[in-house]
Amino acid sequence: MSFLAGLIRAVGDVTVLTGACLRELLRRPFEWALISEQMFRLGVRSMPLVGLTIAFTGAVMALQVSYTLAAYGAKLYVGSFVAVTLIKELGPVLTAVMFAARVGAGITAELGSMNVTEQIDALRALGASPVKKLVLPRLAALMVMVPILTMIGDLLGILGGMYVAVAEIEQGAGYYWSKVREFLVLGDLLSGVGKTFFFAFFIGIIACYNGLNTRGGASGVGRATTNTVVAASIAIFTSNFFLAKLFLVLQSAFGGASW
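Residues numbered from 1 in each chain as written. Predicted model: local features only at pLDDT ≥ 70, side-chain atom pairs only at ≥ 80, totals over all residues. Heavy atoms only, no water.

Q: Could you give me a rundown of the packing of aromatic side chains, with the residues and numbers involved?
A: Ring pairs (aromatic) are described by centroid distance and by the angle formed between their planes. On inspection of all chains with the given rule, the structure shows five aromatic pairs. Seen from their ring centres, F30 and W32 are 5.8 Å apart, and the 55° between their planes marks the pair as tilted. (Phe/Tyr/Trp six-rings, centres within 6.5 Å; stacked < 30°, edge-to-face > 60°.)

Q: An account of the packing of helix α1 (residues 2–25) against helix α6 (residues 130–167) is needed here, citing residue identities and associated values.
A: Interhelical geometry of α1 versus α6 gives an angle of 95° and a closest axis separation of 10 Å. Between α1 and α6, the angle is such that the two are roughly perpendicular. Here L17, A20, C21, E24 and L25 of α1 lie close against α6, whose contacting residues are V131, K132, V135, L136 and L139. (Axes fitted to C-alpha atoms, helices over the stretch in contact; angles between N-to-C directions. Helix = DSSP H or I, 4+ residues; strand = E, 2+ residues; numbered from the N terminus. Parallel < 35°, antiparallel > 145°, perpendicular 65-115°, else oblique. Contact = heavy atoms within 4.5 Å.)

Q: Hey, could you go over the layout of surface pockets for me, with residue numbers and the actual values?
A: Here the largest pocket defines a volume of roughly 810 Å³. Lining the largest pocket are 29 residues, with L7, A10, I206, Y209 and A231 sitting closest to its centre. Counting only elements with at least two residues in the lining of the largest pocket, the list comes to α1, α8 (186–212) and α9 (217–253). Ranked by residue count, the leading element in the lining of the largest pocket is α9, at 11 residues. The residue makeup of the lining of the largest pocket, split by class, is 15 nonpolar, 10 polar and four charged. Put simply, the second largest pocket is a space of about 290 Å³. Forming the boundary of the second largest pocket are 16 residues, of which C21, L25, I35, L136 and A140 lie nearest the centre. With six residues, α6 is the largest single contributor of residues to the lining of the second largest pocket. For the lining of the second largest pocket, the per-class residue count stands at 12 nonpolar, one polar and three charged. (1 Å grid on protein atoms, 1.4 Å probe; cavity = no way out; pocket = protein on both sides within 12 Å on 5 of 7 lines; lining within 4 Å. Points joined across faces, edges and corners; volume = space filled by probe spheres on them. Nonpolar A, V, L, I, M, F, W, Y, C, P; charged D, E, K, R; others polar.)

Spelled out as structure tokens, the structure:
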């Protein structure tokens, strides 16, 4: 019962923080410099991790799928399988999980350290809003960079699959790409990238909430960081199911698989 009460309280507090972010978003001046800095710190520096993870995922997927499809005489469709699976599901989810582990933990540790050393209280004493100066730039940067890195990762994953198709299956690169183009439609890309905005929001708001509410010194920062990674990962996997259903309904309602 205490766990349920704590969960409800946390959801309420996150909702309040979200409302504060929306209010600060409408207030001038806009913190473009802070947002740009966070886009570089949180997004650009995460590119090697995301790129390597998804590139090798695409390669492994092509390798494993080629043997499975060979039993049905469908090995030539490796490119289409890799592309659709990466772009609709694995690319967005893996990118979000990487961000939750690297960026979400980093945000919580940074804000948590500021909180336990009373730097955030000093910011309030100077008349500045911690939400505007600390939370909103990080949240905005994530909602821009997570979709961008997802698309880059998708491309690298497809290229990883192509390498395996050419080197292991002895399939021509041109044929591989023809199957990617044949089966991949705009709706797949829109649904995959559309999920990442929600994932980025969950990662950012959970990380900032835990950071701003850190108590107990260095050990408290460690607990808050762990809580962020766990909560953000759960939010990503849970929401992915409902978002997948939502985008399938939208895809059906607005022209089927071709939109």
